[in-house]
Amino acid sequence: MAPSPATGTLPGHDAADPLAELVGTGLLVPCLDGTQHPAVELDQAASTQAHPDAVARVEELLPWYSSVHRGAGFRSRTATAAYEAARRAVLTFAGRDPEGSDVAIFCRNTTEALNHLAYRLRLSPEDVVVTTVVEHHANLLPWGRVATRRYVECTGAGTFSVEAVGEALDAGDRRPALLAVTSASNVTGWLPPIDDIIDAAHQRGVPVVVDAAQLAPHRPLPATADYVAFSGHKLYAPFGSGVLIGHRSLFETGDPFLAGGGAVDLVGLDEVVWTAPPDREEAGSPNVIGAVALHAAIDALGSIGWDAIIAHEHELATRLTEGLGAIEGVTLLGPRSPASLEAETEPVETLPVAAFTVEGIHHALVAARLSAEYGVAVRHGCFCAHPYVVRLLGLSEQVVHDYRDEVLAGDHRNVPGAVRASGGLGTSGQEIDALVAAVADLAGGTPPPVPYEQDAATGDYFPVTDLPGWRGAVNEPGAACSRG
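Residues numbered from 1 in each chain as written. Predicted model: local features only at pLDDT ≥ 70, side-chain atom pairs only at ≥ 80, totals over all residues. Heavy atoms only, no water.

Q: Looking at this structure, how should I read the overall build of the chain?
A: Along the chain, the regular secondary structure elements total 13 helices and 19 strands. Rg of the C-alpha trace for the chain: 23 Å, near the compact-globule value of 23 Å for 484 residues, within the 12% margin. Overall, the C-alpha framework of the chain stretches about 70 × 60 × 55 Å when taken along its three principal axes. When each of the 484 residues of the chain is scored for burial, the buried share is 52%. Across the chain, contacts joining residues at least 24 apart in sequence account for 70% of those joining residues at least 6 apart. A total accessible area of about 20,600 Å² is found for the chain, and carbon and sulfur atoms account for 53% of it. Averaging the coordinates of the 30 positive side-chain charges in the chain and doing the same for the 60 negative ones gives two points 7 Å apart. (Helix = DSSP H or I, 4+ residues; strand = E, 2+ residues; numbered from the N terminus. Rg over C-alpha atoms; globule rule 2.2 N^0.38 Å. Buried < 20%, exposed > 50% of the residue type's maximum accessible area, 1.4 Å probe, protein only. Contact = heavy atoms within 4.5 Å. Areas by Shrake-Rupley, 256 points an atom, 1.4 Å probe, with all protein chains shown as cover. Lys, Arg positive; Asp, Glu negative; His and termini not counted. Charge placed at Lys NZ, Arg CZ, Asp CG, Glu CD.)

Q: Looking at this structure, I do not really get the sheet that holds strand S4 (residues 102-107). What am I missing?
A: Overall, mixed pairing links the seven strands, which are arranged S4-S10-S9-S8-S7-S5-S6 in an open sheet. Each edge of the open sheet carries a strand with a single partner, namely S4 and strand S6 (148-152). Taking each pair of neighbouring strands and ignoring which way they run, the sheet shows an average axis angle of 20°. Examined bridge by bridge, strand S7 (residues 178-182) and strand S8 (residues 208-211) share four bridges and lie parallel to one another. Within the sheet, the bridge partner assigned to Val181 lies in S8 and is Val210. Each of strand S5 (128-132), S6 and S7 touches helix H5 (residues 162-170); the most contacted strand, S6, lies at about 150° to it. (Pairing = 2+ DSSP bridges. Axes fitted to C-alpha atoms, helices over the stretch in contact; angles between N-to-C directions.)

Q: Would you mind going over the packing of helix H2 (residues 74-93) against helix H7 (residues 288-304) with me for this structure?
A: Between two packed helices, what matters for the description is the angle formed by their axes and the separation of those axes. Where H2 meets H7, the axes come as close as 9 Å, and the angle between the chain directions of the two elements is 45°. Relative to H7, the element H2 lies oblique. As for the relative orientation of H2 and H7, their crossing is left-handed in sense. Only Val288, Ala291, Val292, Leu294, His295, Ile298 and Leu301 of H7 make contact with H2, whose side of the interface consists of Ala79, Ala82, Tyr83, Ala85, Ala86, Ala89, Val90 and Phe93. Of the residues assigned to the contact of H2 with H7, the class counts are 14 nonpolar, one polar and no charged. (Parallel < 35°, antiparallel > 145°, perpendicular 65-115°, else oblique. Left-handed = near helix turned anticlockwise from the far one by under 90°. Nonpolar A, V, L, I, M, F, W, Y, C, P; charged D, E, K, R; others polar.)

Q: Honestly, the packing of aromatic side chains in this entry has me stumped. Any pointers?
A: As enumerated under the stated definition, the model contains six aromatic pairs in all. Centroid distance Tyr83 to Phe106: 5.1 Å. Interplanar angle 45°. Geometry classified as tilted. In this pair, Tyr83 is assigned in helix H2 and Phe106 in strand S4, connecting sequence segments 23 residues apart. Between Phe160 and Trp190 the ring centres are 4.9 Å apart and the planes differ by 85°, which places this aromatic pair in the edge-to-face class. Residue Phe160 is found in the loop between S6 and H5, and its partner Trp190 is found in the loop between S7 and helix H6 (194-203); the two are separated by 30 residues along the sequence. We note that Phe160, like Trp190, is buried. The rings of Phe93, Phe230 and Trp306 are connected pair by pair, giving a single aromatic cluster. (Phe/Tyr/Trp six-rings, centres within 6.5 Å; stacked < 30°, edge-to-face > 60°.)

Q: What exactly am I supposed to notice about the side chain of Arg336 here?
A: With respect to the helices and strands, the residue Arg336 is situated in the loop between strand S13 (330-333) and helix H9 (338-343). An unpaired buried charge is present at Arg336: no salt bridge exists, and Glu322, the closest side chain of opposite charge, is 5.5 Å distant. Among the polar contacts listed, one links the side chain of Arg336 to the side chain of Thr321, at a separation of 3.1 Å. A distance of 3.5 Å separates the side chain of Arg336 from the side chain of Thr350, its partner in a polar contact. (Salt bridge = Lys/Arg side-chain N within 4 Å of Asp/Glu carboxyl O. Polar contact = N/O pair within 3.5 Å; in protein donor to acceptor, adjacent residues only side chain to side chain.)

Q: Whenever I open this one, the sheet that holds strand S14 (residues 353-358) confuses me. Can you help?
A: The pairing of strands in a sheet comes from backbone hydrogen bonds and takes either a parallel or an antiparallel form. If you walk across this open sheet you meet the four strands as S13-S14-S17-S16, and the pairing is antiparallel. Pairing within the sheet leaves two strands with one partner each, and these edge strands are S13 and strand S16 (379-381). In this sheet, adjacent strand axes meet at a mean angle of 30° when their direction is disregarded. Direction of pairing for S16 relative to strand S17 (residues 418-422): antiparallel, over a ladder of three bridges. Each bridged residue has a counterpart across the sheet, and for Arg379 the counterpart in S17 is Arg420.

Q: I'm lost on the environment of Phe251 in this one. Help?
A: You can see Phe251 is positioned in the loop between strand S10 (242-247) and strand S11 (264-268). C-alpha separation for the pair Phe251 and Gly424, spaced 173 residues apart in sequence, amounts to 34 Å. When neighbours within four sequence positions are excluded, Phe251 is seen to be in contact with Val103, Ile105, His116, Arg120, Leu244, Gly246, Pro277, Arg280 and Glu281.

Q: What is the right way to read the nonpolar core from this model?
A: Considering soluble globular proteins, one finds that nonpolar side chains tend to be buried as a cluster. Residues Val90, Leu179, Leu221, Phe230 and Leu294 are the most contacted members of the largest nonpolar core, which totals 79 residues. Here the element with the most residues in this core is H7; it accounts for 11 residues. Not counting the four nearest positions on each side in its chain, Leu221 is found in contact with Phe93, Ala94, Ala212, Leu215, Ala216, Val228 and Phe230. Within the second largest apolar cluster, 24 residues are counted, among which are Val330, Ala354, Ala438 and Leu442. (Core = buried A, V, L, I, M, F, W, Y, C linked by side-chain atoms within 4.5 Å.)

Q: Please explain the environment of Pro347 as it appears in this structure.
A: With respect to the secondary-structure elements, Pro347 resides in the loop between H9 and S14. Residues Pro347 and Arg336, 11 residues apart in the sequence, show an inter-C-alpha distance of 9.4 Å.

See the structure below:
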């Protein structure tokens, strides 16, 4: 069914209604009152539930699953055809010609894709990579390993302008080797003017890599970027796939990121002849299931249409930020905060993502109480974007120094952070309202039904209860949701 041209929504469809019933919709989760509540899953910026079409496509392929590219059996050829069809679909989704000069390389996720690119660009410590303080760690850390980073600073509202990017590109006497920039913030949902930013870089002869992990499920990808990376687990296909798209010529020479079977034409004990890309970059047995699931998810988005998706998420974003912004004691971070909106001359568009704090309540405790008492899942911490969150919170150097010393001593209790709520295709306006009502309760002083204890090693809070399921995560390695 095509979107209505007048509204961008499906005929007869309320923009606040979910556009898809994702796997797990209607799931009941236990709460401290001894009852089960419908799960309100507002952690979509971290990972999405699977779209049912992705699951169906996987189930359809599984009987035909086999190793791809090198098998003569019919199963292998069937799996190979599905895998390569997924590659062509990914290129089309990214606005590229499947028969053109770009190549799609399947990876595990965006982080691996960006590390892959950092290796293959063959940069030196003297090379300059311009990036921004808004970035996810995945688009900061790999460049620090191979080059010198120059940063675009953000405003107090957590944004930066095309002009600021241009100034960073023009600074110094060495032309940057690369601009590495996000197309959507995973913390505030802010959408930088990515097409204009790419144009500004290209006018200066600087290639651009776009971290599109947050953008891909919500908006069309920038077709003019030189390199694009995104993940299936944020795109309703949580089956372990990610994608790096870039110029084929970069991958035609030099050693690949991973060395092994499938990446070679000939191997001797003292010689290797690498094969052509993309196989050159996908050593080992690839994740066929992940690629096929991603293909199905892309098809599902295409069936819904960007007009309907954007209209739905605009309604969610407005409902989310206006609802939270109206609660006394709640501070929204980023460009949709009341203070930032008042200072803006033009409307600010964001994804359905909101980062906020509640006065007098630790961010980890807010998240724990929302889950344990209301069945509302959110994320808390610094969201793998420490420099950005430090700026959004307005923290002094002394505060950062103090909590850094505590972390180095193994104590995570005072690590600053925020709470993040994020929605998507499967989110309804009623779920946003449930979050807002729950946050209003907490901000208004509603006491917890049981005490909560904070774990020093993780910084997380856990309810003191004998009910099953709540205390088991305390001692699980890597269980903290605030780390990183």
